[in-house]
Amino acid sequence: MSEQMGLESYLEQGGVLTSPGNAPPRYRGELLKIMASFVDSELAGSAGFADTINAAPGIKERISAARIVLEKADHAERVLKVMSEFGVDEGRYATHHPWAARLPREAPLAQARQASDMRLPVFHFPFAGWVDAVTMNVLMGEAVGVQLGELSRISYAPLADVFRSIAPREARHAILGFEGLTKIAAKEAGREVARASIAYWRPRVAESFGHAKPERFAMLKRLGLRHESADALSRRWKDQIDARLASLNLL
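Residues numbered from 1 in each chain as written. Predicted model: local features only at pLDDT ≥ 70, side-chain atom pairs only at ≥ 80, totals over all residues. Heavy atoms only, no water.

Novice: Is there a simple way to explain the overall build of the protein chain in this structure?
Specialist: Helices and strands together make up the secondary structure of the protein chain, namely ten helices and zero strands. Listed by position from the N terminus, the elements making up the protein chain come as α-α-α-α-α-α-α-α-α-α. Residue pairs in contact within the protein chain that sit at least 24 positions apart in sequence constitute 71% of those at least 6 positions apart. Carbon and sulfur atoms provide 57% of the accessible area of the protein chain, an area that totals close to 11,800 Å². (Helix = DSSP H or I, 4+ residues; strand = E, 2+ residues; numbered from the N terminus. Contact = heavy atoms within 4.5 Å. Areas by Shrake-Rupley, 256 points an atom, 1.4 Å probe, with all protein chains shown as cover.)

Below, the structure written as structure tokens:
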């Protein structure tokens with residue numbers, strides 16, 4: 001018990017772990033949950049955007065969609081390599097779920113939370129065309145930026161390094177989405193479609209921040225696996241996305 005308390009104190013004060021052998025069981029379990037959620041979300045996100053490539057209105061947009069598909073799969077692979085050091089079978093993991101599968105568009109969020117894989121709920125829902133996909137990418141791109149800012153501070157150093165290497169490319173995905181949405185919002189007809197998509201996707205993206213109970217957040221914070229509360233991260237995303245949308249007259 002004293003050894004466990006000593007480790008928690010070390011982690012709470014900013015200490016880091018560098019190998020699976022240093023990680024006690026509870027820490028390993030919580031770390032694997034974080035990694036699985038990220039990998040599952042990236043694989044599902046990549047699969048979902050793959051279906052939009054041929055719906056893109058031009059060559060530049062097709063290239064942007066293809067880049068997102070490729071890089072999200074690559075990001076999943078990078079984190080999966082860290083998971084493999086904890087005994088996860090990389091090859092089986094990447095194929096054991098139908099990552100392109102989606103719920104009906106109007107399915108309740110509660111149904112998404114009950115699914116067997118650990119992707120974020122937003123990745124259980126399908127796109128309804130190109131504008132819808134671009135709009136979701138803008139909303140989720142801002143959320144990913146906020147979340148990676150948190151994850152890049154995680155106390156498992158090899159994983160924090162991976163998240164820091166991923167962050168600039170995920171930020172580029174958000175920029176590509178905003179460029180696409182800027183074109184769409186240049187005309188009133190486009191703004192009307194985009195506003196409908198914002199109304200659909202916004203609550204689903206907001207769910208990505210979760211609803212951790214205070215005692216669970218406190219435990220994760222002691223382990224250096226969380227630093228800011230879900231509410232604080234969600235508020236930051238709300239402020240950022242409001243500013244983005246207001247600049248395009250989409251609020």
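Novice: Teacher, can you tell me more about helix 10 (residues 230–247) here?
Specialist: Between its first and last C-alpha, helix 10 extends 26 Å over 18 residues, near the 26 Å set by a 1.5 Å rise per residue. Residues of helix 10 that are buried include every one of Ala230, Ala232, Leu233, Trp237, Ile241, Asp242 and Leu245, and no others. Looking at the buried side of helix 10, the elements it contacts are helix 6 (130–151), helix 7 (157–184) and helix 8 (188–206). Remark: Asn249 follows helix 10 within two positions and exhibits a positive phi of approximately 60 degrees. (Expected span 1.5 Å × (residues − 1). Buried < 20%, exposed > 50% of the residue type's maximum accessible area, 1.4 Å probe, protein only.)

Novice: Would you explain the packing of helix 2 (residues 25–50) against helix 6 in this entry?
Specialist: It is at 13 Å that the axes of helix 2 and helix 6 come closest, and there the two elements cross at 160 degrees. Overall, the two elements helix 2 and helix 6 adopt an arrangement that is roughly antiparallel. As for the relative orientation of helix 2 and helix 6, their crossing is left-handed in sense. Across the interface between the two elements, Ile34, Phe38 and Phe49 from helix 2 touch Ala133, Met136, Asn137, Leu148 and Leu151 from helix 6. Class assignment for the residues of the contact of helix 2 with helix 6 results in seven nonpolar, one polar and no charged. (Axes fitted to C-alpha atoms, helices over the stretch in contact; angles between N-to-C directions. Parallel < 35°, antiparallel > 145°, perpendicular 65-115°, else oblique. Left-handed = near helix turned anticlockwise from the far one by under 90°. Nonpolar A, V, L, I, M, F, W, Y, C, P; charged D, E, K, R; others polar.)

Novice: Please clarify how the nonpolar core should be interpreted in this entry.
Specialist: Proteins that are soluble and globular tend to have nonpolar side chains buried together. Core analysis: the largest hydrophobic core is formed by 74 residues, its most contacted members being Tyr27, Leu31, Val79, Met140, Leu159 and Leu181. Beyond its immediate sequence surroundings of up to four residues, Leu159 is in contact with Leu31, Met35, Val79, Val82 and Ile154. (Core = buried A, V, L, I, M, F, W, Y, C linked by side-chain atoms within 4.5 Å.)

Novice: Help me understand the packing of helix 2 against helix 9 (residues 214–222) in this model?
Specialist: When two helices pack together, their arrangement is given by the angle between the helix axes and by the axis-to-axis distance. Running from amino to carboxyl end, helix 2 crosses helix 9 at an angle of 105 degrees, the nearest separation of the two axes being 11 Å. Comparing their axes, helix 9 and helix 2 come out roughly perpendicular. Contacts between helix 2 and helix 9 involve Arg26, Glu30 and Lys33 from the first element and Arg216, Met219 and Leu220 from the second. Looking at the contact of helix 2 with helix 9, its residues break down into two nonpolar, no polar and four charged.

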